[in-house]
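Overview (structure and organization)
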Amino acid sequence: MLSDRNAASGAESADSSDFKLTPEDLLRAAAVEKRQEEEGGSQSCPLSASRCHTSSFTVRTTSREHTRGMSAAPMPPNILRPSCLCSLKKRFMDLKSAIFTPESETTRRMGTWAAVRRMVVFRSKSISRAEISLSVWRGRSSVEGTPDPAVMEQFEGLTPAETFQRVSASLGCDPTSVKVATYLDEHDKLSHLREDFHLPKIADLPPSDLSLVDGSQECLYFVGNSLGLQPKMARKYLEEELEKWAKTAIHGHTQGSRPWAWAENNIEKLMADVVGAKEEEVALMNGLTVNLHLLLLAFYKPTATRHKILLEDKAFPSDHYAVESQIRLKGLDPQESMLLLSPRAGEETLRTEDILDVIQKEGDSIAVVMFSGVQYYTGQLFNMAAITEAGHKKGCFVGFDCAHAAGNAELKLHDLGVDFACWCSYKYINSGAGGLAGAFVHERHKDTVKPALMGWWGHDLKTRFKMNNVMDLLPGVNGFRLSNQPILLVCPLQASLEVFSKTTMKALRQKSLLLTGYLEFLICHYYSKDPARPQKPYVRIITPRDPEQRGCQLSLCFSVHIRKVFEELERRGVAADMREPSVLRVAPAPIYNSFTDVHRFVETLGDALKASSSSSSSSK
Ligand SMILES: Cc1ncc(COP(=O)(O)O)c(C=O)c1O
Ligand SMILES: Nc1ccccc1C(=O)C[C@H](N)C(=O)O
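Here goes a summary of the coordinates provided. (Residues numbered from 1 in each chain as written. Chains lettered and ligands numbered in written order. Predicted model: local features only at pLDDT ≥ 70, side-chain atom pairs only at ≥ 80, totals over all residues. Heavy atoms only, no water.)

1. Considering the environment of valine 602
To be explicit about the condition: The secondary structure listing takes helices from DSSP runs of H or I that are at least 4 residues long and strands from runs of E that are at least 2 residues long, numbered from the N terminus. When accessible area is computed with a 1.4 Å probe and restricted to protein chains, residues below 20% of their type maximum are described as buried, those above 50% as exposed, and intermediate ones as partly exposed.
Residue position: valine 602 is located in helix H19 (residues 595–613). The class of valine 602 is buried, set by a relative accessible area of 2%.

What follows is the structure, encoded as structure tokens:
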């Protein structure tokens, strides 16, 4: 909170400050803010009464610099007040709580103002700088009726359904009314993050039928589980590097704000925050399947008695093939060494008790337990804590493919003691198709688990260029790096991770529970099976109904032909995806989807079901 009280306490710490904003930094920030303000002025955000524009800039850091002079820097109007600077400085010293939200009565009354929302310190070998986001909030004061985000706190502890009932009661409308969605959007503290992404217009999506829907509307994008949206800063960062390449060529390796030779190191802390890891436990490199292979090569060391890999029977095909081929590579037979776990007959998802039971019974012969964090088909979020604990009790390594969990669920890879994990970044982490993937190795293995394959990028940077062919392997996951990373993949990933860094996975998850709960609530309300109306098309949700056992995705089956439903949705501007044999996956991503999106989707689903039911034939 930025308040006069904070300003006072910030002033107390001025003498011991360790960083400095230069006048140029402030002027640069002012220029960026002004430009964003002008650009933003033409885009109205219909659902949010308060508007927030954010920009990042770099602040040089110097140790033990006296900062009294800071407030004497030329202060652009409405940008950073001295009290803000003091708070900012204080925050810089206390990096664990790097977010503060401008919600105090004092600041709301101020109208236009700016504050530091998020600071991230990059601590790579050669860089010492702080990335600071400024947010300019434009809001009417609460006296004029701006919804107070704190209002949502009264709903804490309620189930999503109870929340919708309460909200509708307070608004005097039905829980299914669009007014509820509007209200939830207005009180969504994260709604401003949507503005950091390009949302395609319906007219631009190839399957849209403009005789059915207004093409100028934003599409209903629910397929962040396959490919996330483009962060707006991606283009700028890419252009910066293309420009640098054009102008300075080879010097780009070491120069500029994003030196190519270690650019990915600068964003690994941000990625580590998203997956609940320490910075040194995360490497950004390769693609997901490549990383899975590299990790299995290091962790899967079968012996005569302990040679199995436990995984889901319906794991994502690439994972299945990776495991199968790793087993073969060791001269073993997948029939013997691949332990596949299926749901009980008639059930769609695995029961935690059954997973734990298999680990308990078969654990002595299992070398590696390899699950997904969130199952791509059913949307089931596995109990990673229980699986990890059970695997460890039996002496197995435990790894997770977090492709559908990273940026979706609140992961705690480090705290859970997961041995290794990998994930891609193009789904919920919005880095663009084929984006740079992530790999995690727990720090306790940093000196014991070595990569089976080595490359020069796993060599300590300090001596890497001595070229003496004597490997000085970096500890832990850092030693798994093989090649220098493609800067053109780092740029969009940085753009997205900076959006994540404006909030926390905890806050995103909190919104997600409500958002997906809203989708479930409306689907059940409108499209449940009704024995009294056997002709009515209905929807069945195969994703676990327990919110703790799912991320944001719901997987839907239909009483009518699923492909027809899918096509009718696409014609109406919905981007979702169909997975063989019989589900439609709908994934409201809390970072950019709104409650109004969900409401529009459920309405559109009604139209699609109606259009499909004429030619219906059961999909299940
Ligand atoms: C769970 C899961 N594993 C593996 C993959 C394969 O990823 P990649 O093609 O990036 O290696 C995907 C997505 O394509 C996935 O969803
Ligand atoms: N990268 C892709 C390229 C083409 C088609 C699909 C993908 C996916 O990522 C699919 C995703 N893994 C899924 O869960 O279905």
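2. Looking at the site of ligand 1
We apply this condition: For this description, a residue counts as near a given molecule or strand if any of its non-hydrogen atoms is within 4 Å of it. In the analysis that follows, any N or O atom pair within 3.5 Å is treated as a polar contact, provided that within protein one partner can donate a hydrogen and the other can accept it, and provided that, for residues neighboring in sequence, both atoms belong to side chains. For accessible areas, the Shrake-Rupley method is used with a probe of radius 1.4 Å. Any residue's cover is judged against the shown protein chains and nothing else. Under the convention adopted here, Pro, Cys and the residues Ala, Val, Leu, Ile, Met, Phe, Trp and Tyr are nonpolar, Asp, Glu, Lys and Arg are charged, and Gly plus all remaining residues are polar.
All residues in the neighbourhood of ligand 1 are listed as Leu288, Thr289, Phe316, Ser318, Asp319, Asp401, Ala403, His404, Tyr426 and Lys427. Within the contact set of ligand 1, a nitrogen atom lies 2.9 Å away from a side-chain nitrogen or oxygen of aspartate 319. At 2.8 Å from an oxygen atom of ligand 1 is found a side-chain nitrogen or oxygen belonging to tyrosine 426. Against a free-state accessible area of 390 Å², the protein chains account for coverage of 81% of ligand 1. Class assignment for the residues of the shell around ligand 1 results in 4 nonpolar, 3 polar and 3 charged.

3. Thoughts on H19
Quick reminder: α-helices carry 3.6 residues per turn. Residues three or four places apart thus point the same way. Formally: One less than the residue count of a helix, multiplied by 1.5 Å, gives the span that helix is expected to have.
Taking 1.5 Å per residue, 19 residues should reach 27 Å; H19 reaches 27 Å between its end C-alpha atoms and fits that length. With 14 of 19 residues buried, H19 lies mostly within the body of the structure.

4. As for the pattern of salt bridges
The condition that has to hold: Definition used for salt bridges: Asp or Glu carboxyl oxygen within 4 Å of a side-chain nitrogen of Lys or Arg.
On inspection of all chains with the given rule, the structure shows 34 salt bridges. A salt bridge links aspartate 447 to lysine 446; the nearest nitrogen and oxygen atoms lie 3.2 Å apart. Residue aspartate 447 is classed as partly exposed on the basis of its relative accessible area of 49%. Between aspartate 460 and lysine 462 there is a salt bridge, with its nearest N and O atoms 3.4 Å apart. Under the relative-accessibility criterion, aspartate 460 is labelled buried at 15%.

5. Structural notes on a nonpolar patch on the surface
Applied cut-off: Residues form patches when they are more than 30% accessible in relative terms and have no salt bridge. Like charges link within 9 Å. Nonpolar side chains (Val, Leu, Ile, Met, Phe, Trp, Tyr) link within 5 Å.
Taken together, the side chains of Leu242, Trp245 and Leu488 make up a nonpolar region of the molecular surface, amounting to roughly 310 Å² of accessible area. Relative to the helices and strands, tryptophan 245 resides in helix H7 (residues 233–248).

6. Remarks on the sheet that holds strand S11 (residues 397–401)
Formally: Here the rule is simple: two strands pair whenever DSSP picks up at least two bridges between them. Interaxial angles span 0 to 180 degrees and are taken between N-to-C directions of axes, which are lines fitted to C-alpha atoms, for helices over the stretch in contact.
The strand order S7-S13-S12-S11-S10-S8-S9 describes an open sheet built from 7 strands, whose pairing is mixed. Every interior strand has two partners, whereas the edge strands, strand S7 (282–284) and strand S9 (338–341), have only one. Between one strand axis and the next, the sheet turns through 15° on average, direction left out of account. Where S11 lies against strand S12 (residues 420–423), 3 bridges are found, and the strand directions are parallel. The residue bridging phenylalanine 400 from the neighbouring strand is alanine 421, located in S12.

7. A look at the pairing of strand S18 (residues 583–586)
The two faces of the sheet receive side chains in turn, since in a regular strand these alternate between them. Where burial is concerned, the two faces of S18 agree: the one with Val583 and Arg585 and the one with Leu584 and Val586 are both buried. Bridge count between strand S15 (residues 554–558) and S18: 3 bridges; the pairing is antiparallel. Note that in S18 the partner of leucine 556 across the bridge is leucine 584. Two elements, strand S17 (residues 577–579) and S18, share 3 bridges in a ladder whose sense is antiparallel. Bridging across to S18, arginine 579 finds its partner in valine 583. Connecting the antiparallel pair S17 and S18 is a turn made up of 3 residues.

8. Focus on the packing of aromatic side chains
Under the convention used in this document: Each aromatic pair joins two rings of Phe, Tyr and Trp (for Trp, the six-membered one) with centres within 6.5 Å, and gets the label stacked for planes under 30 degrees apart, edge-to-face for over 60, and tilted for any other angle. Both a distance and an angle decide whether a charge sits over a ring: NZ of Lys or CZ of Arg must be within 6 Å of the ring centre and within 35 degrees of the ring normal.
Tallied over the full model, the rule gives 15 aromatic pairs. Between tyrosine 526 and tyrosine 527, the aromatic rings sit 5.8 Å apart at their centres with planes inclined by 40°, giving tilted as the arrangement. A residue is classified by how much of its surface remains accessible, and tyrosine 526, at 35% relative accessible area, is partly exposed. Look at tyrosine 527 and you get buried, because its relative accessible area is 10%. Geometry around tyrosine 237 places arginine 258 over its ring, the cationic atom sitting 4.4 Å from the centre.

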